[in-house]
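Read off the chains here:
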Amino acid sequence: MKQHKIRLYPLGKEITVNDKTPLIDLLHEYGIEFPCGGKGTCGKCRVSLLEGEIEISEKHRQTLDRLHLSSDSRLACMSHCTDSITLQVEQFDHLILADETEFEFEPESGFGIAVDLGTTTLVAQLVDLQTARILAVETLLNPQLKFGADLISRVQAGLDGHSTEMTELIREAIGQMISLMLAQYQVVPDKVVIVGNTVMQRIFSGMDLVPLSCYPFEVEDLGMKTFTSEELDWDFQVSKSIHFYPSIGSFVGSDILAGIAATDLHKKEKFTALIDIGTNGEIAMGNRDQIICASTAAGPAFEGSSLSVGMRAVTGAISSLRLDGAKIISTVIGNTEPKGICGSALIDAVAILRKLDLIGPFGEIGTGEDSLRIDGAVWLTQRDIYEFLLAKSAIAAGIEILSKNLGIDTFEIEDFYIAGGFGNYVTVEHLLATGMVESTEEKIHKMGNTALIGAKMFLFENGDLASEILGKTRHINLEGHPEFQDIYIGKMMLE
Amino acid sequence: MSELIEKLLEAVEFGKIDQKSPYPPQLRGMDGAHELTKQAIESGINPQRILEDALIPAMGNVGKKFSENKIFVPQMLMSAKAMGASMVQLKPFFASGQMKSKGTFIIGTVKGDLHDIGKNLVAMMVEGGGWTIVDLGVDVGSDRFIEALKNNPGAVVGLSALLTTTMVNMGEIVAGIKGQVPGTKVLIGGAPVNADFCRSIGADFYAPDPQKAVEYLNKLAS
């Protein structure tokens, strides 16, 4: 297959991709956010073409005209790689937020580093604190993955005597990412802000994992952790501070705290929900008066690890499916032969199979056979569909129980923000069709990586914003709700 | 008379709780387990027959279909609820000695773990298999299992765990039970456990799904 070289300026990255690879697949890996979910409405993913050609459709041209963009501009979400090109990526030049007007930062001198320490992926950005510009980005897989994909397997590894190794691995990985960014600019950072879930915070900080291993899952000392470069064995200096932001509860960490900051949930008058679907599924819900949050055991299916054909959103993964008449059309990341299916397409698959009546209201395959072909060699088994139903009902039940705790009906929630890498690809229509989120299309907003957006905001504050949010936020255990079982099992159905 | 038994078997197998229950659609408006059991008792059918010819085979079919991935948790729960609507009316006959259960099954989620849906499904299926259930709930340590065994001599014990971090507590509980009440049979289940783990902690049986638990128990009772 024909291949092209894609150079990203000012990152200095060069990537080889297959012909016709959508640009969204490529840039997503570098932390670029697609606030409208790739519909071509917001224009936030614009790039400037410095060298080479990007073919442009009539719709793409109309969109550029409507957004008053110059002739060398393209929207990444509508572009495919058909030539070797050099791109200047606008998002690396500007701090992009879903609502830029509400993010007020006090310019400071110096440089900051924001890190989203995920269970699966690590993303770090170097930020100019005078302008809030993003100068550089690095991404890496979490090196703790060798101890298992989900959080409980990391806790287990800790109990099995691998705590120190996991702590060293993650400190080293983040140190390397920062070093690479600093080398390009020859600057000394003033601040490092790291956000991540509670397990990641404790492993990074070298704290005991036993309290997270069993009931009552109560963790002391969830607060802000402060370090020096020497303590972390980093070979560069940080002139002011290195903070790992405070966790909210045993299984809801500072990534959600950052998500609340990024969505301004704590300032909203109307009820709003943030749903972060990553390796764990966390939900925060509330308004300026109070916020409650909880974690759900939703992750493994959406990260692909518990499915026969599941995979992360990498080359070869089917990232989305749509229906053309009765024919299922798939989009494969990297435009190659499909090798598996990632979380967002799993939602598409179940929604489409149900619509075609190939599966029933309980997810049962109508023919009675054990699997259904999705595309090429990719089949979805009955078991995979059940795994999906467990994951989607975990989220749906979480939303309902949090609503009940706030004394409201789910339909009273004015806005749902869908965060996580997953959120960029998911088809809202299908999200609703499966009943994972019970709302209407106009209330659903894709937000990209809210943890990273929030971490950048934390670079411009001294802890007051985090304290303000924490003061309003409670953490609850979903399974403690007396109706949990009936709600959870009830939500497994596909109407 | 046998028509009532057949209808009850169908109602329980397909999860028809009572007449007003909208589920399942194909039985909409028809009598459910609640009404059919009442009619069966009133028409003088032996309650033991209701249990053995309707409830046990119905739940057996449910367990088999679940084992084969033909149905999933929601259908199983609806069947269990329909069975419950029938069983509640049979309870007085157990108490009066007119009916006998196959034995007593003590079940609990082990210390450190709060997950109880899997445990509840197994308890329902075993009850539907004709056993008496003593459900100790969640976060149960060996002392409470032993106490329950002393109150129910000869009972079989089932341990459930959903986390790799809590399944390790099963070993200690099995050792405690076998030490204090020798000869007790212990079966284990839950997502992270398997047959090797079962052997390593000295438990008697690993049940990969509710139906296998029922089959094992029935073998013990026969």
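Since we're looking at a predicted model, the values are computed, not measured.

J.: What am I meant to see in the overall build of chain B here?
T.: Of regular secondary structure, chain B possesses 10 helices and five strands. By the compact-globule yardstick of 17 Å for 222 residues, chain B fits well, its C-alpha radius of gyration being 18 Å. Reported as C-alpha extents along the three principal axes, the dimensions of chain B are approximately 50 × 35 × 25 Å. Taken across its 222 residues, chain B has 48% of its residues classed as buried. The contacts in chain B between residues at least 6 apart in sequence include a share of 73% that link residues at least 24 apart.

J.: I keep staring at the interface of chain B and chain A and nothing clicks. Help me out?
T.: Reports of interface size often rely on the accessible area that becomes lost once the parts have come together. The interface of chain B with chain A comprises 18 residues on the first partner and 21 residues on the second. Contributions of two or more residues to the side of chain B that touches chain A are made by α4 (73-95), α5 (117-128) and α7 (164-167) of chain B. Among the elements that take part in the side of chain B that touches chain A, α4 of chain B stands out by supplying four residues, more than any other.

J.: Please explain the nonpolar core as it appears in this structure.
T.: What tends to happen in soluble globular proteins is that the nonpolar side chains get buried as a cluster. Formed by 194 residues in total, the largest nonpolar core has its most connected members in Val115, Ala124, Val193, Leu257, Ile341 and Ala349 of chain A together with Val12 of chain B. When residues no more than four places from it in sequence are discounted, the contact partners of Leu257 of chain A are Val195, Tyr245, Pro246, Ile248, Gly454, Ala466 and Ile469 of chain A. Counting residues in each nonpolar core, the second largest holds 19 residues, with Ile24, Ile54, Met78 and Cys81 of chain A among its members.

J.: Looking at this structure, I do not really get the domain arrangement of chain B. What am I missing?
T.: Residue and element names in this part refer to chain B. The assigned domain composition of chain B is domain 1 (2-95) and domain 2 (104-221). Centre-to-centre, using C-alpha coordinates, domain 1 lies 26 Å away from domain 2. Counting from both sides, the interface comprises 13 residues of domain 1 and, opposite them, 11 residues of domain 2. Put simply, the parts of the chain that give the side of domain 1 that touches domain 2 at least two residues each are α3 (47-67) and α4. At eight residues, the largest contribution of residues to the side of domain 1 that touches domain 2 is made by α3. Taken together, the residues that form the side of domain 1 that touches domain 2 break down as 10 nonpolar, two polar and one charged.

Thresholds, definitions, all that
Residues numbered from 1 in each chain as written. Chains lettered and ligands numbered in written order. Predicted model: local features only at pLDDT ≥ 70, side-chain atom pairs only at ≥ 80, totals over all residues. Helix = DSSP H or I, 4+ residues; strand = E, 2+ residues; numbered from the N terminus. Rg over C-alpha atoms; globule rule 2.2 N^0.38 Å. Buried ≥ 20, exposed ≤ 12 C-beta atoms within 10 Å, placed from the backbone. Contact = placed C-beta atoms within 7 Å. Core = buried A, V, L, I, M, F, W, Y, C linked by C-beta atoms within 7 Å. Domains from an automatic or database assignment. Nonpolar A, V, L, I, M, F, W, Y, C, P; charged D, E, K, R; others polar.

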